[in-house]
Amino acid sequence: MDSKIDYNNYKADSLLNDAYFLESEQHPTPESIMFWDKLAQENKQLAKEIAIARNFLHILRHVPKPYLPQQKVDSIWKCISDQNRLEIQNKRKRRILYRTLAAACIVVFLVSGWYLQNIYQTSECMEKSDIVAVKKPDVSTNQTLLILSEKKQIAIQGKESKLHYNQQGKLNVNSQTINQETENDKKKDTYNQLIVPAGKRSSITFSDGTRIWLSASSRVVYPVEFMKNKREIYVEGEAFLDVYHDKSRPFIVKTNKMDIQVLGTTFNVCAYEKENIQTVVLVTGKVEVKTNNNETKTLSPNNLLAYNDQQGISVHPVDVQEYIAWKDGFYQFKKERLEIITKKLSKYYGKTIITDKQLANITCSGKLDLKEELDDVLHTLIQTVPAQITESNEKIYINAVSYTHLRAHETLSDL
């Protein structure tokens, strides 16, 4: 280092042309770290310029691979290193030559960085609109539907279905191999859809090991092949995810109101399109939730995050088992109001269930088997409740039998 250099009036571009600054950033030592920290503490304006220069070098190091191959990044750093050595060895004789070459390199870097960053940001926006914009097809079926393209749709029988992609991307549905070959199969902008109707459930194991369970009246949109720098899906309805940890490729779950980013974790997301409130319940790991109002919250295990457009984000602790038991085929409740339980059943089975207001204060605890038909589930539910079930105009009514019995059965258990 040339001790005579006065850095106090240096700008970011001057720092990017300085041999000692570049060497300090590329190969920091305790002495160089202390030197630049001291200057930054003594001169606030210089500290800002240092931050700008470092930010540029950070962008250069972390430009996504699809947009700037590692070989290019390595050659740029080699250029900087070569010019550094040239400056150090021949400070006096070749200073002008070095500064000219370095300045030329920096101009190229700045233009390239700006261009690549804009391409990257534009691409990000396009990807977001692409996957969110994938429409649910206008079809009416009570079977689970897998859509591989406009021309290829697979109806899956049964109340439960399992899809599994192996590491090579081959697909099995309920242990049967599915031919995925379509004319758009290898296009990056092609998405598959899994649509689960009322009263049914499904699960997908992706080729990276991530597994997602999809509840009734839900769908998931996912790419034919995940990108090299991230994994992204779109969820409408309710889903439980067990995400395989991959630090280099964060997993992003999009809804019409939230982006949920994870590395490796288990959590439940409930985001039905027609409901105002969307929720995330974290079981293990950590997730970062960003809303369409640009609110951001990092969630800890055993907490529920609720969001709506009017009230924003709220977080509170919960018993996570009550929110994730559905993936194992049952609902679990602990002193839950009967009205809330019937609303969940209404959503799951796709039937309108109306509960008598006189039953509002009754609470129930226990489990309900979702593999059963709705009639059987409801009869189990009201076994110890003073109520009767009637059906009219495709609506199900749960009516109170008598007010006297209601007071004696305000709290029930063991469904």
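Remember, it's a predicted structure, so these values are computed and weren't measured experimentally.

Run through unusual backbone geometry, naming residues and quoting values.
A positive phi is found at Ser-175, a non-glycine position, where the angle reads about 75 degrees. Relative to the elements of secondary structure, Ser-175 occurs in the loop between β4 (171-173) and β5 (176-178). Given a relative accessible area of 73%, Ser-175 falls into the exposed group. A positive phi angle is found at Ser-217, which is not glycine, with a value near 55 degrees. As for its placement among the helices and strands, Ser-217 is situated in the loop between β8 (211-214) and β9 (218-223).

Lay out the sheet that holds strand β23 (residues 395-400) with the relevant residues and their values.
Read from one edge of the open sheet, three strands run β20-β23-β22, paired in mixed fashion. Taken across any chain shown, the strands that pair with only one partner, and hence form the sheet edges, are β20 (352-355) and β22 (387-392). Going from strand to strand, the sheet's axes swing by 20 degrees on average, the running direction of each strand aside. The pairing of β20 with β23 spans four bridges and is parallel. When the sheet's bridge partners are listed, Thr-352 is paired in β23 with Lys-395. The strands touched by helix α8 (residues 338-349) are β20 and β23; relative to β20, the strand with the most contacts, the crossing angle is about 170 degrees. Contacting β20, β22 and β23, helix α9 (residues 374-381) runs over the sheet at an angle of about 10 degrees to β23.

Hey, could you go over a negative patch on the surface for me, with residue numbers and the actual values?
Together, Glu-372, Asp-375, Asp-376, Glu-391 and Glu-394 line one region of the surface with negative charge. When you line up the elements, Glu-391 lands in strand β22.

Account for the nonpolar core, naming residues and giving values.
Ranked by internal contacts, the top residues of the largest apolar core, which has 38 residues, are Ile-233, Phe-267 and Val-269. Looking at this core element by element, the count peaks at four residues for strand β10 (residues 231-242). The residues touching Phe-267, leaving out its near neighbours within four places in the chain, are Ala-239, Phe-240, Leu-241, Val-243, Val-253, Ile-260, Val-262, Val-280, Val-281, Leu-282, Val-283 and Val-287. Membership of the second largest hydrophobic core comes to 34 residues, among which are Ala-306, Val-320, Val-377 and Ala-387.

Go over the pattern of salt bridges, please, and point to the residues and values.
By the definition in use, this model includes 14 salt bridges. Notably, a salt bridge pairs Arg-219 with Glu-236, separated by 3.4 Å at the nearest N-O pair. Note that Arg-219 is positioned in strand β9 and Glu-236 in strand β10, a separation of 17 residues in sequence. The two residues Arg-219 and Glu-236 agree in class, both being buried.

Which residues make up empty space enclosed by the protein, and what values go with them?
Summed over the entire model, instances satisfying the criterion amount to two cavities of 30 Å³ or more. Of the voids in this model, the second largest cavity is the one considered here, and its volume is about 30 Å³. Around the second largest cavity, the lining residues are Lys-159, Glu-160, Gly-199, Lys-200, Arg-201, Tyr-348, Leu-370 and Lys-371. Classifying every residue of the lining of the second largest cavity by side-chain character gives two nonpolar, one polar and five charged.

Would you mind going over the side chain of Glu-49 in detail, with residue names and values included?
With respect to the helices and strands, the residue Glu-49 is situated in helix α4 (residues 44-61). Contacts of Glu-49, omitting those with residues within four sequence positions, involve Tyr-10, Lys-11, Ala-12 and Leu-15.

Now, about the packing of aromatic side chains: what can you tell me, with residues and values included?
The geometry of an aromatic ring pair comes down to the distance between the two centres and the angle between the two planes. Counting across every chain of the model gives 16 aromatic pairs. Measuring from ring centre to ring centre gives 6.0 Å for Tyr-7 and Phe-35, while their planes differ by 75 degrees; the resulting arrangement is edge-to-face. Taken as a pair, Tyr-7 in the segment before α1 (12-16) and Phe-35 in helix α3 (residues 30-42) lie far apart in primary sequence, 28 residues in all. Seen from their ring centres, Phe-206 and Tyr-222 are 5.2 Å apart, and the 65 degrees between their planes marks the pair as edge-to-face. Pair noted here: Phe-206 is in the loop between β7 (201-205) and β8 and Tyr-222 is in strand β9, with a separation of 16 residues, a long-range link. By relative accessible area, which is 4% here, Phe-206 ends up buried. Residue classification places Tyr-222 among the buried positions, given a relative accessible area of 2%. Over the face of the ring belonging to Phe-240 we find Lys-327, whose NZ or CZ atom lies 5.2 Å from the ring centre. For the cation-ring pair, Lys-344 lies above Tyr-331, with the distance from its terminal atom to the ring centre recorded as 5.0 Å.

So what about the environment of Lys-297? Which residues, and what values?
Along the polypeptide, Lys-297 turns up in strand β16 (residues 296-299). Residue Lys-297 is classed as partly exposed on the basis of its relative accessible area, which comes to 38%. For the pair formed by Lys-297 and Val-287, sequence separation is 10 residues and the distance between their alpha carbons is 8.4 Å. Excluding residues that lie within four positions of it along the chain, Lys-297 makes contacts with Val-287, Glu-288, Val-289, Leu-305, Ile-313 and Val-315.

Can you lay out the packing of α8 against α9 for me, pointing to particular residues and giving the numbers?
Here α8 crosses α9 at 170 degrees, and the two axes come no closer than 12 Å. It follows that α8 is roughly antiparallel to α9 by the angle criterion. Residue-level contacts link Leu-338, Ile-341, Thr-342, Leu-345 and Tyr-349 of α8 to Leu-374, Val-377, Leu-378 and Leu-381 of α9. Classifying every residue of the contact of α8 with α9 gives eight nonpolar, one polar and no charged.

Parameters at a glance
- Residues numbered from 1 in each chain as written.
- Predicted model: local features only at pLDDT ≥ 70, side-chain atom pairs only at ≥ 80, totals over all residues.
- Heavy atoms only, no water.
- Helix = DSSP H or I, 4+ residues; strand = E, 2+ residues; numbered from the N terminus.
- Buried < 20%, exposed > 50% of the residue type's maximum accessible area, 1.4 Å probe, protein only.
- Pairing = 2+ DSSP bridges.
- Axes fitted to C-alpha atoms, helices over the stretch in contact; angles between N-to-C directions.
- Contact = heavy atoms within 4.5 Å.
- Patch = residues over 30% accessible without salt bridge, like charges linked within 9 Å, V, L, I, M, F, W, Y side chains within 5 Å.
- Areas by Shrake-Rupley, 256 points an atom, 1.4 Å probe, with all protein chains shown as cover.
- Salt bridge = Lys/Arg side-chain N within 4 Å of Asp/Glu carboxyl O.
- Lys, Arg positive; Asp, Glu negative; His and termini not counted.
- Charge placed at Lys NZ, Arg CZ, Asp CG, Glu CD.
- Core = buried A, V, L, I, M, F, W, Y, C linked by side-chain atoms within 4.5 Å.
- 1 Å grid on protein atoms, 1.4 Å probe; cavity = no way out; pocket = protein on both sides within 12 Å on 5 of 7 lines; lining within 4 Å.
- Points joined across faces, edges and corners; volume = space filled by probe spheres on them.
- Nonpolar A, V, L, I, M, F, W, Y, C, P; charged D, E, K, R; others polar.
- Phe/Tyr/Trp six-rings, centres within 6.5 Å; stacked < 30°, edge-to-face > 60°.
- Lys NZ or Arg CZ within 6 Å of the ring centre and 35° of its normal.
- Parallel < 35°, antiparallel > 145°, perpendicular 65-115°, else oblique.

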